[in-house]
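Chain and residue survey
The residues making up each chain are set out below.
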Amino acid sequence: MKINTVHINLFIFSFLVLFFIILKKNIYLFLGIEEFYIKVLTQNINILSTDNNYIFAGHDEDRKFFRKYNLFLISYFYTQISNFLLYLNLDINLIIYFRYALISFTLSGGIFFLLKCVEKISNANTYVIWIYILSTVSYIVVIGGIADAYSHYEFFFISACLYFSMNKKIIMFILFSFFAVANRETGILTFFIYFLFNKKN
């Protein structure tokens, strides 16, 4: 993957723009209920216990059965960060900023991979492409918010799958496809991307 200074600068600027948009949209910091938000981040730490057995209902919602493992890992991740912050006697609210930084990073990563994909098939100006993609992502963040804990990761993984499939990097494609499936069950559709872009082979 060829990465020049322009791409690095655009990635950093995308990260900063999205981070401040998300921060501005953060109602928890303005209402002073950060403790509630932190509790939400770690509330699924015991989801794998026998007291939380999933009951299959026989409809399409059953596909979410495996999400409990994802929810557990996310809660475990933020629980460990919380413990680390407490160990260092730092403000526990920093975990909120960390979460928004992580979301901004994945969205910026998705923009980066899409930018590389479009550059591969188009001679359009890099900055024009970047502005269009960033504007679209920013609009979605402003209008839809970040209530969905899966979408920003899905955007990142699918964008990466598109890039690696277009460049026939099968190992990286499989790796990111695996992450996409682990993030959300619909990620299994990413496996068809490779064959779509490389059907001649």
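Everything below is about the structure shown above.
To keep things clear, this report deals only with the structure shown in the data block. This is a predicted model, so every value here is computed, not measured.

Things to note about the environment of Asn93
Turning to its location among the elements, Asn93 is positioned in the loop between α4 (67-87) and α5 (94-121). Note: C-alpha distance between Asn93 and Tyr37 (56 residues apart in sequence) is 9.4 Å. Those residues in contact with Asn93 that sit more than four places away from it in its chain are Glu34 and Ile38.

Let's talk about unusual backbone geometry
Phi is positive for Asn89, which is not a glycine, with a value near 55 degrees. With respect to the element layout, Asn89 can be found in the loop between α4 and α5. Residue Asn89 is classed as exposed on the basis of its relative accessible area of 72%. Positive phi values are uncommon outside glycine, yet Lys168 reaches one of about 55 degrees. With respect to the element layout, Lys168 can be found in the loop between α7 (151-166) and α8 (170-183). With relative accessibility at 48%, the residue Lys168 sits in the partly exposed group.

Concerning helix α1 (residues 5-24)
For α1, spanning 20 residues, the distance from its first C-alpha to its last is 29 Å, which sits close to the expected 28 Å at 1.5 Å a residue. By the burial criterion, the buried members of α1 are His7, Leu10, Ser14, Leu18, Phe19, Ile21, Ile22 and Leu23.

Overview of α7
Between the first and last C-alpha of α7 there are 22 Å, a value that for 16 residues agrees with the 22 Å anticipated at 1.5 Å per step. Among the 16 residues in α7, 12 count as buried, and that is most of the element. Positive backbone phi, approximately 55 degrees, marks Lys168, located one or two places after α7.

Things to note about the packing of α7 against α8
The contact between α7 and α8 brings their axes to 9 Å, and the two run at 160 degrees. Between α7 and α8, the angle falls in the class roughly antiparallel. For the pair α7 and α8, the sense of crossing is left-handed. Along its contact with α7, which presents Tyr153, Glu154, Phe156, Phe157, Ala160, Cys161, Phe164 and Ser165, the element α8 presents Met172, Phe173, Phe176, Ser177, Phe179, Ala180 and Asn183.

What counts, and at which threshold
Here, residues in each chain are numbered from 1, in the same order as that chain's written sequence. Restriction of local features to residues with pLDDT of at least 70 applies here, the model being predicted, together with a cutoff of 80 or more for giving and counting side-chain atom pairs; totals for whole chains, interfaces and linings are based on all residues. Neither water nor hydrogens contribute to the side-chain values; these are computed over all heavy atoms in the structure. Think of it this way: any DSSP run of H or I at least four residues long counts as a helix, any run of E at least two long counts as a strand, and we number them from the N terminus. Should any heavy atoms of two residues lie within 4.5 Å, those residues are considered in contact. Relative accessibility thresholds used throughout: buried, under 20% of the residue-type maximum; exposed, over 50%; partly exposed, between the two (1.4 Å probe, protein chains only). Expected helix span is computed as 1.5 Å times (number of residues minus one). Axis geometry follows a simple rule: fit a line to the C-alpha atoms, using only the stretch in contact for helices, then measure angles between N-to-C directions, giving values from 0 to 180 degrees. Reported orientations rely on four angle classes, namely roughly parallel under 35 degrees, roughly antiparallel over 145, roughly perpendicular from 65 to 115, and oblique for the rest. Two helices that cross are described as forming a left-handed crossing if the nearer one is turned anticlockwise from the farther one by less than a right angle, and a right-handed crossing if clockwise.

Purely geometric numbers; function is a separate question.
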